[in-house]
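Coordinate inspection notes
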Amino acid sequence: MKMSDVVQFNFEVLVVLQRLQIPFGFKDKSIQTVCDENDMPVEFFLQLVQWFNERENFPQEQLIRGDAEWLIIYLHNTHQYYSHYQIPRIEKEIEYLEKMSGIPDQSVQLMLEFFRGYIREFTEHIEDEENTTFPYILALSDALSGRLSKEKFHARYKNYSIDKYLDHHSDIEEKVFDLQSILLKHLQPPASSFQFTNLILEINRLGNDLKDHTLLEENVLIPKVRQMERELKEQSLHL
Ligand SMILES: [Fe+2]
Ligand SMILES: [Fe+2]
């Protein structure tokens, strides 16, 4: 099957391609060719596409069997997308609302404060994943494949395991949906405000996307890493 046909069937697949950093401009290349050219496992790409096409069928088991490094690439690029594009865009749109006439009182200002508080929490959350959890998983993968000695790995991470991450892994979509609900129920912009409608839709999109992101982290990444930790323990016992 051609890569361009997969995208034309569901344009949301562009998000997957972007997060896997696969350049567009596929001409008539097949999915296999495009994945091979980018050294990407075709199964991983197809599992994500299948999930995007059939939202009710989350291919959890198949994804767990896949490669942890590619999953981290996907999650990392999703973080980049949120923090460098989607969240600043929403912030700008709220600032724009602030300038708009027709909304009485201080409600937009309060919303802006709420959202900025959220950005701080969000940034802390992803910085922890980027600076602690993901490097740990990559080192674990290196220790399993022999690229890093087990001794070095154990010395570096004697006090860390994936359960530590899960213990404080907070829900980052909840506040986004709270904001959406406040906007919808309590603000009354002029009826013709395209910006306001667009803002609610953008926030809804972010909330849904964050839900998917958490699903990948908690239902694929964590069980996958638990498996890897068990494997490394077994390998270490047989040394
Ligand atoms: Fe994350
Ligand atoms: Fe997270």
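All values derive from a computational prediction rather than experimental measurement.

**Some remarks on the overall build of the protein**
Of the regular secondary structure elements, the protein holds 11 helices and zero strands. When the helices and strands of the protein are placed in sequence order, the string is α-α-α-α-α-α-α-α-α-α-α. In terms of overall dimensions, the protein has C-alpha extents of about 70 × 50 × 25 Å along its principal axes. Looking at the protein as a whole, 20% of its 239 residues qualify as buried.

**Concerning the domain arrangement of the protein**
Put simply, an interface is often sized by how much accessible area is lost when its parts join up. Domain boundaries assigned for the protein yield domain 1 (3–57) and domain 2 (66–237). Summarising the inter-unit geometry, the C-alpha centres of domain 1 and domain 2 are found 23 Å apart. With seven residues of domain 1 in contact, the opposing surface of domain 2 contributes eight residues. When the residues that make up the side of domain 1 that touches domain 2 are grouped by side-chain class, the tally is four nonpolar, one polar and two charged.

**Some points on the nonpolar core**
Of all hydrophobic cores here, the largest spans 17 residues; its most connected members are Ile90, Ile94, Leu179, Leu199 and Ile203. The set of elements that each furnish at least two residues to this core consists of helix 6 (68–99), helix 7 (107–145), helix 10 (174–186) and helix 11 (194–237). Apart from residues lying up to four places away in sequence, Leu179 is in contact with Met111, Phe114, Phe115 and Ile203. Counting residues in hydrophobic clusters, the runner-up holds 15 residues, among them Tyr74, Ile137, Ile162 and Val225.

**Structural notes on the environment of Leu75**
Within the fold, Leu75 resides in helix 6. When near neighbours in sequence (up to four residues on either side) are disregarded, Leu75 contacts Leu216 and Glu217.

**Let's talk about unusual backbone geometry**
Residues other than glycine seldom take positive phi values, yet Lys27 does so here, at roughly 50 degrees. Structurally, Lys27 can be placed in the loop between helix 2 (13–19) and helix 3 (31–37). Within the chain, Asp39 stands out as a residue other than glycine whose phi angle is a positive 50 degrees. Relative to the assigned elements, Asp39 resides in the loop between helix 3 and helix 4 (42–53).

**Regarding helix 7**
Residue pairs spaced three or four apart in an α-helix point in one direction, given the helix's 3.6 residues per turn. Under the 1.5 Å per step criterion, the end-to-end length of helix 7 is 55 Å for 39 residues, consistent within 8% with the ideal 57 Å. A bend of about 35 degrees at Glu130 is the largest found in helix 7. All of the buried residues along helix 7 are Val108, Met111, Phe115, Phe122, Ile126, Glu129, Thr133, Phe134, Tyr136, Ile137, Leu140 and Ala143. Buried residues in helix 7 make contact with helix 6, helix 8 (150–156), helix 9 (162–167), helix 10 and helix 11. Downstream of helix 7 by a residue or two, Gly146 has a phi angle that is positive, lying close to 95 degrees.

**Section: the packing of helix 10 against helix 11**
Where helix 10 meets helix 11, the axes come as close as 9 Å, and the angle between the chain directions of the two elements is 160 degrees. On the basis of their axis angle, the class for helix 10 and helix 11 is roughly antiparallel. Crossing handedness for the pair helix 10 and helix 11: left-handed. Here helix 10 contributes Val176, Phe177, Leu179, Gln180, Leu183 and Leu184 to the contact with helix 11, which in turn contributes Leu199, Ile200, Ile203, Asn204, Leu206, Gly207 and Leu210. Split by residue class, the contact of helix 10 with helix 11 holds 10 nonpolar, three polar and no charged.

**Describing the packing of helix 7 against helix 11**
The interhelical angle for the contact between helix 7 and helix 11, taken along N-to-C directions, is 40 degrees, at an axis separation of 10 Å. By the criterion of interaxial angle, the relationship of helix 7 to helix 11 is oblique. Relative to helix 11, helix 7 is oriented so that their crossing is left-handed. Facing Ile137, Leu140, Ser141, Ala143 and Leu144 of helix 7, the residues of helix 11 in contact are Val225, Met228, Glu229, Glu231 and Leu232. Residues that form the contact of helix 7 with helix 11 fall into these classes: seven nonpolar, one polar and two charged.

Reading the values: the criteria
Residues numbered from 1 in each chain as written. Chains lettered and ligands numbered in written order. Predicted model: local features only at pLDDT ≥ 70, side-chain atom pairs only at ≥ 80, totals over all residues. Helix = DSSP H or I, 4+ residues; strand = E, 2+ residues; numbered from the N terminus. Buried ≥ 20, exposed ≤ 12 C-beta atoms within 10 Å, placed from the backbone. Domains from an automatic or database assignment. Contact = placed C-beta atoms within 7 Å. Nonpolar A, V, L, I, M, F, W, Y, C, P; charged D, E, K, R; others polar. Core = buried A, V, L, I, M, F, W, Y, C linked by C-beta atoms within 7 Å. Expected span 1.5 Å × (residues − 1). Bend = angle between axes of the 7 residues up to and from the residue. Axes fitted to C-alpha atoms, helices over the stretch in contact; angles between N-to-C directions. Parallel < 35°, antiparallel > 145°, perpendicular 65-115°, else oblique. Left-handed = near helix turned anticlockwise from the far one by under 90°.

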